[in-house]
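Listed below, chain by chain, are the residues.
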Amino acid sequence: MHNSPRCTAKSKRSGVRCKNPAVRGWKVCRMHGARGGSPRGPSSPSYKHGRYSIAAKEQRLALKLLQADSLATLWAMAELMEEGV
Ligand SMILES: [Zn+2]
């Protein structure tokens, strides 16, 4: 049967859902914008320096989490020192 993921596009006028099969990796069918648009990342024509790229943002988030984690460890160690263990 039709168990493949369906297109999530909805008609502006009738409000009816498009029920075409969605392109793999997309939420919409080939008629509703799948595979279209500009290339992502460094190959995009508007790519400048990458400071705000998805990869850079993920990197910063990981660093922030690491910092928070090391700080928590440091505090835990300081507490142990105070207790004299
Ligand atoms: Zn569609």
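What counts, and where the lines are drawn
- Residues numbered from 1 in each chain as written.
- Predicted model: local features only at pLDDT ≥ 70, side-chain atom pairs only at ≥ 80, totals over all residues.
- Helix = DSSP H or I, 4+ residues; strand = E, 2+ residues; numbered from the N terminus.
- Rg over C-alpha atoms; globule rule 2.2 N^0.38 Å.
- Buried ≥ 20, exposed ≤ 12 C-beta atoms within 10 Å, placed from the backbone.
- Contact = placed C-beta atoms within 7 Å.
- Domains from an automatic or database assignment.

> Which residues make up the overall build of the protein chain, and what values do they have?
Looking only at helices and strands, the protein chain features 1 helix and 0 strands. The C-alpha radius of gyration computed for the protein chain amounts to 24 Å, which surpasses the reference 12 Å derived for 85 residues by more than 25%, pointing to a less compact arrangement than a globule. Taken over the C-alpha atoms alone, the protein chain extends approximately 70 × 40 × 25 Å along its principal axes. Counting only residues that meet the buried cut, the protein chain has 1% of its 85 residues in that class. For the protein chain, the proportion of contacts with a sequence separation of at least 24, taken over those separated by at least 6, is 3%.

> Please set out the domain arrangement of the protein chain residue by residue, giving values where relevant.
Assigned domains of the protein chain: these are domain 1 (1-36) and domain 2 (53-85). Averaged C-alpha coordinates put domain 1 and domain 2 at centres separated by 43 Å.

> Describe in detail unusual backbone geometry, supporting the description with residues and values.
The phi dihedral of Arg35 is positive, around 70°, even though this residue is not glycine. Position of Arg35 relative to the elements: it lies in the segment before α1 (54-83). Its 9 C-beta neighbours within 10 Å are what place Arg35 among the exposed residues.

> Tell me about the environment of Arg40, and please be specific about residues and values.
Turning to its location among the elements, Arg40 is positioned in the segment before α1. On the basis of neighbour counts, which here come to 10 C-beta atoms within 10 Å, the residue Arg40 falls in the exposed class. Separated by 14 residues in the primary sequence, Arg40 and Ile54 place their C-alpha atoms 9.3 Å from one another.

> Can you tell me about the environment of Gly15, naming the residues and giving the values?
Locating Gly15 in the fold gives a position in the segment before α1. Distance from Gly15 to Leu71, taken between C-alpha atoms, is 52 Å for residues 56 residues apart in sequence.

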